[in-house]
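Read off the chains here:
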Amino acid sequence: MLRLFLTFITIAACSASCGIVPQFWCDSKEIASKCDVEAQCAEYRWVDPAAKPVMFEMYTESHCGACIRFLFEQLYPTWQALQNTGILNVTLYVYGNAKQVYNPDTKLWNFTCQHGFEECQMNLFENCVQHYTNNDANKYMPILNCIEQTLSDPTKDEMQCIFDAGMDFPTINKCATGPEGNALMHKAGAHTESLNPHIEGTPTIYINGLHSNPMQYEIQVGNLTQFICDTYQGVKPPECRPSRQ
């Protein structure tokens, strides 16, 4: 990294004339701005060597149109681009605007989902997928992406998504239709319902444990990959650099 920084200093020295010795250009943002090297300083010098991955959490539900579009157009492509860089951790909570009531007779939770019974079934199924992949996004993201495609693509089905991932469909189906899946969805629901303030709709996105409507709007209408790269406080991986056509 030092070699790259020295290279940038050498090149910039040939073109910048801010009246300050190059070795001090990154001492402050004011100096960097005056010498027109803010971008270079941000990439090579103003970094946290112990930076943690950006924590991306999404509260979602399986039949939510806006959630599905965001998954297909933003989240999944971003996850694919950054999954091997170590700068992004993704967690999905599949419950959304559902409601739950405990039934003392069955000792199970009764769920009512915003988009009906079929959404509850798929929510349960997706919670079981997450559980049986040890909640590892590197394993469950491709499966959930595939499952969501079944809603609009009649050539796809949940069973094939599970088989293609090398998982056992009867195990996932047993989970989704039994007390295990019921407990898993209750857990996702309890976490969702514990948020303060409560979610107003889906998807609801948290970055590093924080949420605001303006930030979510920027994420949903902008470029999620760039947002994650800008948020990460460490040295940016090559995947964060704009591609050159």
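For the structure, see preceding data.
Since we're looking at a predicted model, the values are computed, not measured. (Residues numbered from 1 in each chain as written. Predicted model: local features only at pLDDT ≥ 70, side-chain atom pairs only at ≥ 80, totals over all residues. Heavy atoms only, no water.)

A. A look at the nonpolar core. One finds F56, L75, V90, V129, M141, I207 and I228 to be the most contacted residues of the largest nonpolar core, which totals 51 residues. Take this core: its biggest share by element is seven residues, from helix α6 (residues 137-149). Apart from residues lying up to four places away in sequence, V129 is in contact with Y140, I143, L144, I147, I162, M167 and I172. Listed in part, the seven residues of the second largest apolar core include W25, C26, A32 and C41. (Core = buried A, V, L, I, M, F, W, Y, C linked by side-chain atoms within 4.5 Å. Buried < 20%, exposed > 50% of the residue type's maximum accessible area, 1.4 Å probe, protein only. Helix = DSSP H or I, 4+ residues; strand = E, 2+ residues; numbered from the N terminus. Contact = heavy atoms within 4.5 Å.)

B. Region of the structure containing helix α4 (residues 65-82). In this model α4 runs 25 Å from its N-terminal to its C-terminal C-alpha over 18 residues, within 8% of the 26 Å that 1.5 Å per residue would give. Along α4, the sharpest kink reaches roughly 50°, centred on L71. Among the residues of α4, those classed as buried are C67, I68, F70, L71, Q74, L75, Y76, T78, W79 and L82. Residues of α4 that are buried in the fold lie against β1 (54-60), β2 (88-94), α6, β5 (204-207), α10 (213-221) and α11 (224-231). (Expected span 1.5 Å × (residues − 1). Bend = angle between axes of the 7 residues up to and from the residue.)

C. Main features of empty space enclosed by the protein. Going through the model one piece at a time under the given rule, you end up with one cavity of 30 Å³ or more. Taken as a whole, the largest cavity encloses approximately 100 Å³ of empty space. The set of elements that each furnish at least two residues to the lining of the largest cavity consists of β1, α4, β2 and α6. Counting residues per element, the lining of the largest cavity draws most heavily on α4, which supplies three residues. Here the lining of the largest cavity is composed, by residue class, of seven nonpolar, two polar and three charged. (1 Å grid on protein atoms, 1.4 Å probe; cavity = no way out; pocket = protein on both sides within 12 Å on 5 of 7 lines; lining within 4 Å. Points joined across faces, edges and corners; volume = space filled by probe spheres on them. Nonpolar A, V, L, I, M, F, W, Y, C, P; charged D, E, K, R; others polar.)

D. Seen up close, the packing of aromatic side chains. Under the counting rule described, the total for this entry stands at seven aromatic pairs. A network of ring pairs unites the aromatic residues Y59, Y93 and Y206 as a single cluster. (Phe/Tyr/Trp six-rings, centres within 6.5 Å; stacked < 30°, edge-to-face > 60°.)

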